[in-house]
Structures are given as structure tokens and as C-alpha cells.
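The chain contents come next:
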Amino acid sequence: MARLAMVLDLKKCAGCYACVVSCKMENGTRPGVNWNQVRTVEWGEYPGARQTFIPTQCMHCDNPPCVKVCPTGASSKRDDGIVTVDYDKCIGCRYCLSACPYGARIINERDITNFDGKITPYEEEGYRVHRLNVVEKCTFCIQRVTKGKLPACVVNCPGKARIFGDLEAPDSAIKKYIEEHQALNVKGTGIYYVPPEGLDLAQLPPELREPAFVSWWQDVVHPVGKTILGIAAVAVAGSLVINSARKGE
Amino acid sequence: MVNEKLPDSLERFSLAERLGHWSHAISFIALLLTGLALVFRGFGAALGSEGLKFFQQIHHFMAYPFTFLTLLILAVGAPKATVQWLKECFTWTKSDWSFIRAYPASFFGFKTVLPEQGKYNAGQKLNSILTIIGFLVMIATGWPMLFPASFSPGLVAWARPVHSLGATVLGAVLIGHAYLAILHPHSRESLKGMLKGSISLEYARVHHSLWVKRILNDKRPPSA
């Protein structure tokens, strides 16, 4: 077992967007499709005004609501903690888009390229993987991580604000970092933040709470619906049996 | 005095009414079968992704005839009969309630006395009401899922469980409705009314005696 996770040290983040750019370069996503974002937060009055940057992305939840609602099993949680989307299985039903509390998923339906009417060899390569009408999101750069490399956003962060690793490995560097810097876990997810002094913690992504419609749908409507259909079928079968038995009398 | 000859059969549904019924029936069954696969994972997994994608396309396509075709047929071909049907469905008398109470025993083949019924018995009225309400719920929750960009994300999210629940309730109604019309020994003749348009006088007298009395009285010229 493993639990891959990421620390975002906001004290070190300079808001340079190298993570956003390197993510697009590594993953070859379409124009307008970003798997990670950087949000700017400001507080205080001059001369004590402060500013910080909060990078966000797929949180790789412990119990991902997106996986729970996926009708095909395209979205799944790997043993190493990564939440993935199998593009071959995805039918683009958007259930997961509604279910994700962090808005981390995106479905690209528009066939747009970087240059009008032209497609670069780089794009050709990227778009072969990232088809239209399937759901995409951050994969922790699974293609790199499974080869022992770090995610592109981690490698390319000039401030070294991103720390990636396995929480369950012996001598886990990320675990040490979390302890030393008192990183806060967004509960229920694989993401940690080191907040700068004075930041209202409510600005960070909230701890994982399954949206109410997901619980209602999966835990109430599914069993109730099956029961209703079952009762109707049993009533009809019972009527059929009794009526044909009486006919024979 | 005119020598009255009673007809062998009575016209029950005009061609437009029957077409309206079947356009709803066919589109609904297609939507139900394809929709269940999009809800219950076991069913969807059995189809595989390509199969499920195909089901999804059928589901989206059938939304159009389901929503518009039946309404169009009824509005153009049988507006008066449709209004009359709606009026009757939403008018509940004491005898309707006692029919509902007495009917379960009859359904399972036990002898009971059912109160006299009009053109639609209380069970048919109930089926109609559930179908109408279900139709409204399904289109109100279905279209937002098909065009999520035009609706609020919260509405789209909650449309999913409501749509699924509505589908299973309507599926149960359909199972009962189809069984009574096709197989149940007491009522299966009623299917003829929806296929040929007419039912035998004998069947009508037993099942819809108030309706028979009314139309035979209407036909009889008033005696001076």
C-alpha cells in the first residue's frame, strides 16, 4: 500500500504559474483546459496588506464522490491513492462533474487548437490521449510517477513550494516535511497546505464532504428504486400464479 | 317507435388517441431500458462502455419524441377527448375510492364486488395521474441534464437522483399497467381498446357500466 500525497507550501509559492504551464506542457491539454489553478487571496489594509496564492487541483480524495457516482467504473481510486479516469471507459455522462466538491474535473467538448486551422505535432500527440467528450483532471502525472519521477508541477516549481511523495513509505520525506512545517491536511484528501501567517483558513479548499445529492442518489434512491421495481414484479408474478391456479380449479 | 339495435362493440379510443398512447409507450420503454443502464452499475457494466455510450445516445434522442410527439398528436388529433380524459382523471368520487380499496383482492384473483365505473376505472385514473405527474417530473429533470450549461449546477446535480427515482416509480407503474392490459384474465380485453379502438359491449358493460349507460342514452333519441 501507498498513499501518494502533495504538500503545497503557500509560504514558498510566488504565484508564478509555472505549475499551471508545466502541467499543460506535460499533459498536452487543450486550450482552456487547466488541470490546476492558482487563486490569489488578499487581505489587510495598507501598509499591512498581504497577498498569497493558493494552487488548487484534484485533491485525490480518500473516498472520492466522483468514483461513487461513475456508472462505468471509468473513474477509480488506485491502491497508491491516485484517482484516475480511464478515457476508454468514460461515456461523458458528467455525473462526476456534479459530484466533485472541488470543481477539479473538466469535460472538453470544443475542438479548439492553439492556432486556428492548424495543429502542431505537439498538439497532435497530446490530443491523441486527451480526446474530446471525456472527463479529465489532474492525475498526479501518473505517467511520470509510475516511472519513479516527480509530477511536472513539482519539478518545475521554482520556489519548491510543492512536495510530493508517499505518506506510507519508510523515511517518507513528505511526512517529515508535513511535521516540520505543520502542514494542514484538507481532511479526507491527499492534499496538504502550509498557510502563511494571517491567512483566513476558510480560504483553503474545505475538508471533503460528500455532496448531499450523491448520498441521496447512491445510498437511498438506488436501493429504494430497486425495491419499488421488485415489489411490482413480485405482485405481478403472484397475481399470475394465483390466477392461473384458480383457472385450473 | 324505432327498433333499437344495440351495437356489438363500442368505440373507446380514436386513432389519434391510440397513436398518442403508443408514441408515449414506445418512447417511454426505450427511455426506461436505456436509462436503467445509466443508473444501475451492474447493468451498465454488462453492456460495456461502447454499449452504454450507444444506450446514452438513444436515451438523449428519445427525449424529443417523449417530450413533444405525444403532446402534439393529442393536441392536434384529439384535443376534446384529451380534455375530457384529464377532467375524468382528476375527478374522484366515493365509488373510485371504494374501487381502489376493493381492487387488490380482484387483482390476485379473489372474488370481490367492484363498484360501477365510468369510461376510466379508478385504477386507470390512478395510472393516468401517475403517468402525467411522472412525465412532468422526468422532463423537468431530464432536460437540465441534457443541457447542463443552461441550468444551475445545483439543479443539474439534484436532477439526477430525482430523475432516477421517478424512473423506477414509473417503471413499476408500467409493469402493473402492461400486466393488466396484456395478461391479467379479468382485464386483458382492454388492450383491444387501445389497439383496434373498440371493445365489446359485453366487456364494457362489466367493466365500465356507467360509461355504457351514458353513451347508449346519448345515442337514443329523446322520447317525446
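Above this text you will find the structure in question.
Report on the accompanying structure. (Residues numbered from 1 in each chain as written. Chains lettered and ligands numbered in written order. Predicted model: local features only at pLDDT ≥ 70, side-chain atom pairs only at ≥ 80, totals over all residues. Heavy atoms only, no water.)

### Considerations on the interface of chain B and chain A
At the interface, 31 residues of chain B touch 37 residues of chain A. Contact between chain B and chain A buries roughly 3,000 Å² in total, counting both sides, with carbon and sulfur atoms accounting for 68%. Sorting the residues of chain B by area buried against chain A places Arg41, Phe108 and Arg160 of chain B first, and these three jointly supply 21% of that buried surface. Our count for the chain B to chain A interface comes out at 14 residue pairs in polar contact (both at pLDDT 80 or more). Elements that contribute at least two residues to the side of chain B that touches chain A include exactly helix H1 (15-39), helix H2 (41-77) and helix H6 (153-182) of chain B. Broken down by element, the residue count for the side of chain B that touches chain A peaks at 14 residues, all from H6 of chain B. Each residue belonging to the side of chain B that touches chain A can be placed in one class, and the counts come to 20 nonpolar, 8 polar and 3 charged. (Contact = heavy atoms within 4.5 Å. Buried area = accessible area lost by both parts, 1.4 Å probe. Polar contact = N/O pair within 3.5 Å; in protein donor to acceptor, adjacent residues only side chain to side chain. Helix = DSSP H or I, 4+ residues; strand = E, 2+ residues; numbered from the N terminus. Nonpolar A, V, L, I, M, F, W, Y, C, P; charged D, E, K, R; others polar.)

### A word on the sheet that holds strand E1 (residues 4-9) of chain A
Residue and element names in this part refer to chain A. With mixed pairing, the 4 strands of this open sheet are ordered in space as E8-E1-E10-E9. Every interior strand has two partners, whereas the edge strands, strand E8 (162-166) and strand E9 (184-185), have only one. Across 4 bridges, the pairing between E1 and strand E10 (residues 191-194) is parallel. Bridge pairing in E10 links Val7 to Tyr192. Helix-sheet contacts for helix H7 (residues 173-181) involve E1, E8 and E10, and the interaxial angle to E1 is about 35°. (Pairing = 2+ DSSP bridges. Axes fitted to C-alpha atoms, helices over the stretch in contact; angles between N-to-C directions.)

### A word on the packing of aromatic side chains
The final tally for this structure, using the stated rule, is 16 aromatic pairs over all chains. Taken together, a centroid distance of 6.4 Å and an interplanar angle of 35° make the contact between Phe28 of chain B and Phe66 of chain B tilted. Pair noted here: Phe28 of chain B is in helix H1 and Phe66 of chain B is in helix H2, with a separation of 38 residues, a long-range link. Judged by its relative accessible area of 5%, Phe66 of chain B falls in the buried class. Taking 6.3 Å as the distance between ring centres and 55° as the angle between the ring planes, the aromatic pair formed by Tyr103 of chain B and Phe107 of chain B counts as tilted. Placement of both Tyr103 of chain B and Phe107 of chain B in helix H4 (residues 94-107) is noted, with a separation of 4 residues, approximately one turn of the helix. The burial state of Tyr103 of chain B is the same as that of Phe107 of chain B; both residues are buried. Here a set of aromatic residues connected by ring pairs shows up, and it is made of Phe99, Tyr103, Phe107, Phe108 and Tyr179 of chain B. Above the face of the Tyr127 of chain A ring, Arg30 of chain A is positioned so that its terminal group lies 3.9 Å from the ring centre. (Phe/Tyr/Trp six-rings, centres within 6.5 Å; stacked < 30°, edge-to-face > 60°. Buried < 20%, exposed > 50% of the residue type's maximum accessible area, 1.4 Å probe, protein only. Lys NZ or Arg CZ within 6 Å of the ring centre and 35° of its normal.)

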